[in-house]
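What follows is the residue order along each chain.
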Amino acid sequence: MTLQVENLQVKFGSNEILKDINLSFSAQKLHAIIGPSGCGKTTLLKSLNRTLEMEKGYIIRGKVKLCGENIYEQRDAAMIRRKIGLVFQTPVALPLSIKENVLFAVRYLGERNKIKLQEICESCLQQAGLWEEVKDKLNRPANELSGGQIQRLSIARALAVSPEVLLLDEPCSNLDPASTQVIEGLLRKLATQLTIILVTHNLFQAKRIADVTTLLMNGQVIETGETTAFFNKPEQPATRDFISGLSW
Ligand SMILES: Nc1ncnc2c1ncn2[C@@H]1O[C@H](COP(=O)(O)OP(=O)(O)OP(=O)(O)O)[C@@H](O)[C@H]1O
């Protein structure tokens, strides 16, 4: 599902955080957003599914279009967040069983059919690459899992409501290299079905797994392009400076 950002501007008070952002996120691609700390990456992600509305004091202008429809003109923000899921940086296990963590939003949306719920639970844990590790302890508390497992559980929870776009804010920043590798493989697989937008501080990660990479600086898009060209032949001096020092 294509997500189109047009002339997006976000302010907190008089502080302009995002300045006239224009970007297009194509379906079945993994898009990485990189940039220095504080440049507005998380604010951009939150603007893409109306999570920003949970904050105080923001002003937003411009459009975010999902399949041509501006999400800010739809009445039901919760439905937008179902279609455009967001996975946060810190792995979060709700104080529930593994199974109920996956089914939390599905139950909230009113699904009661036990067979359907079981199917959703299994298929989302499969997609998140966690099924084999947890299939014999679905009723155990989720906080018994490791950080890497809980991050995959968060992804399973987001997948349970069948999103069209998945936003991830530095999902590997608290994980060890082995868990990071598992999540990267999983995101590559999910990108064959969904639009994935990944904020990462790790330039190597963007280079390894993204189809398209975007550099954001001081609330502006500096450069966006196909990942190999972005890293091997950047057009903008600021991109060259930002990625300089990396040897591949
Ligand atoms: N709710 C808020 N109220 C006021 N200012 C905010 C709010 N949320 C973010 N900001 C400001 O917006 C700017 C961009 O923050 P944001 O978290 O989007 O940057 P980032 O690029 O994701 O940073 P990092 O890489 O360090 O996570 C920062 O100056 C931050 O202080």
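Residues numbered from 1 in each chain as written. Predicted model: local features only at pLDDT ≥ 70, side-chain atom pairs only at ≥ 80, totals over all residues.

An unreviewed UniProt entry annotates the protein chain as Phosphate ABC transporter ATP-binding protein originating from Desulforamulus ferrireducens.

Helix and strand counts for the protein chain stand at 10 helices and 10 strands. On C-alpha atoms alone, the protein chain measures out to a radius of gyration of 18 Å, which is about the 18 Å that the 2.2 N^0.38 rule sets for 248 residues. For the protein chain, the spread of C-alpha atoms along the three principal axes comes to 55 × 45 × 30 Å. Out of the 248 residues belonging to the protein chain, those deemed buried represent 42%. Sequence-distant contacts, at least 24 apart, represent 69% of the contacts inside the protein chain between residues at least 6 apart. (Helix = DSSP H or I, 4+ residues; strand = E, 2+ residues; numbered from the N terminus. Rg over C-alpha atoms; globule rule 2.2 N^0.38 Å. Buried ≥ 20, exposed ≤ 12 C-beta atoms within 10 Å, placed from the backbone. Contact = placed C-beta atoms within 7 Å.)

Mapped onto this numbering, the UniProt entry gives "domain: ABC transporter" (unreviewed entry) at residues 3-243. Note that residues 3-243 is 38% helix and 27% strand, and that its end C-alpha atoms are spaced 26 Å apart. (UniProt positions renumbered as here; feature names shortened; annotations may be inferred.)

This brings us to the site of the ligand. Around the ligand, the neighbouring residues are Phe12, Ile17, Gly35, Ser37, Gly38, Cys39, Gly40, Lys41, Thr42, Thr43, Glu55 and Gly57. With three residues, the top contributor of residues to the shell around the ligand is helix H1 (residues 41-48). (Near = placed C-beta within 6 Å.)

Across the interface, helix H3 (residues 98-108) lies against helix H4 (residues 114-127) with an axial gap of 10 Å and an inter-helix angle of 115 degrees. For the element pair H3 / H4, the angle class is roughly perpendicular. Crossing handedness for the pair H3 and H4: right-handed. Here H3 contributes Lys99, Val102, Leu103 and Val106 to the contact with H4, which in turn contributes Leu117, Ile120, Cys121, Cys124 and Leu125. Of the residues in the contact of H3 with H4, the class split is eight nonpolar, no polar and one charged. (Axes fitted to C-alpha atoms, helices over the stretch in contact; angles between N-to-C directions. Parallel < 35°, antiparallel > 145°, perpendicular 65-115°, else oblique. Left-handed = near helix turned anticlockwise from the far one by under 90°. Nonpolar A, V, L, I, M, F, W, Y, C, P; charged D, E, K, R; others polar.)

With their axes 7 Å apart at the nearest point, H3 and helix H6 (residues 147-159) run at an angle of 35 degrees to one another. Of the two possible hands of crossing, H3 and H6 adopt the one that is right-handed. Two secondary-structure elements touch here, H3 through Ile98, Asn101, Val102, Phe104 and Ala105 and H6 through Leu153, Ala156 and Arg157.

Along the chain, Phe88 falls in the loop between strand E6 (84-87) and H3. Residues Phe88 and Ser154, 66 residues apart in the sequence, show an inter-C-alpha distance of 8.4 Å.

Time to look at the sheet that holds strand E9 (residues 212-217). Across the sheet, six strands lie side by side as E6-E7-E8-E3-E9-E10; this open sheet has mixed pairing. Strands at the two margins of the open sheet, each flanked by one partner only, are E6 and strand E10 (220-226). Going from strand to strand, the sheet's axes swing by 15 degrees on average, the running direction of each strand aside. Judged from the five bridges that link them, strand E7 (residues 165-169) and strand E8 (residues 195-199) form a sheet pairing that is parallel. Bridge pairing links Leu167 to Ile197 in E8. Taken strand by strand, H1 contacts strand E3 (30-34), E6, E7, E8 and E9, and its axis lies near 155 degrees from that of E8. Relative to the sheet, helix H7 (residues 177-190) contacts E3, E7 and E8, its axis offset from that of E8 by approximately 145 degrees. (Pairing = 2+ DSSP bridges.)

Turning our attention to the sheet that holds strand E2 (residues 15-25). Taken in spatial order, the four strands of this open sheet run E2-E1-E4-E5, and their pairing is antiparallel. Edge strands, defined here as strands with exactly one partner in the open sheet, are E2 and strand E5 (69-70).

This part is about unusual backbone geometry. With phi around 70 degrees, Arg50 is a residue other than glycine that occupies positive phi space. Look at Asn218: it is not a glycine, yet its phi comes out positive at around 50 degrees. With respect to the secondary-structure elements, Asn218 resides in the loop between E9 and E10.

Across the protein chain, the average pLDDT comes to 94, with 98% of residues at 70 or higher. Ranking the helices and strands of the protein chain by mean pLDDT puts E3 first, with 98, and H7 last, with 91. Here the prediction assigns the complex a pTM of 0.93, and the interface score ipTM is 0.97. (pLDDT = per-residue confidence, 0-100.)

In this fold, Ile155 is placed in helix H6. Along the chain, Ile155 and Asp169 lie 14 residues apart, while their C-alpha atoms are 12 Å from each other. Excluding its chain neighbours within four sequence positions, the residues that come into contact with Ile155 are Val87, Ala128 and Leu186.

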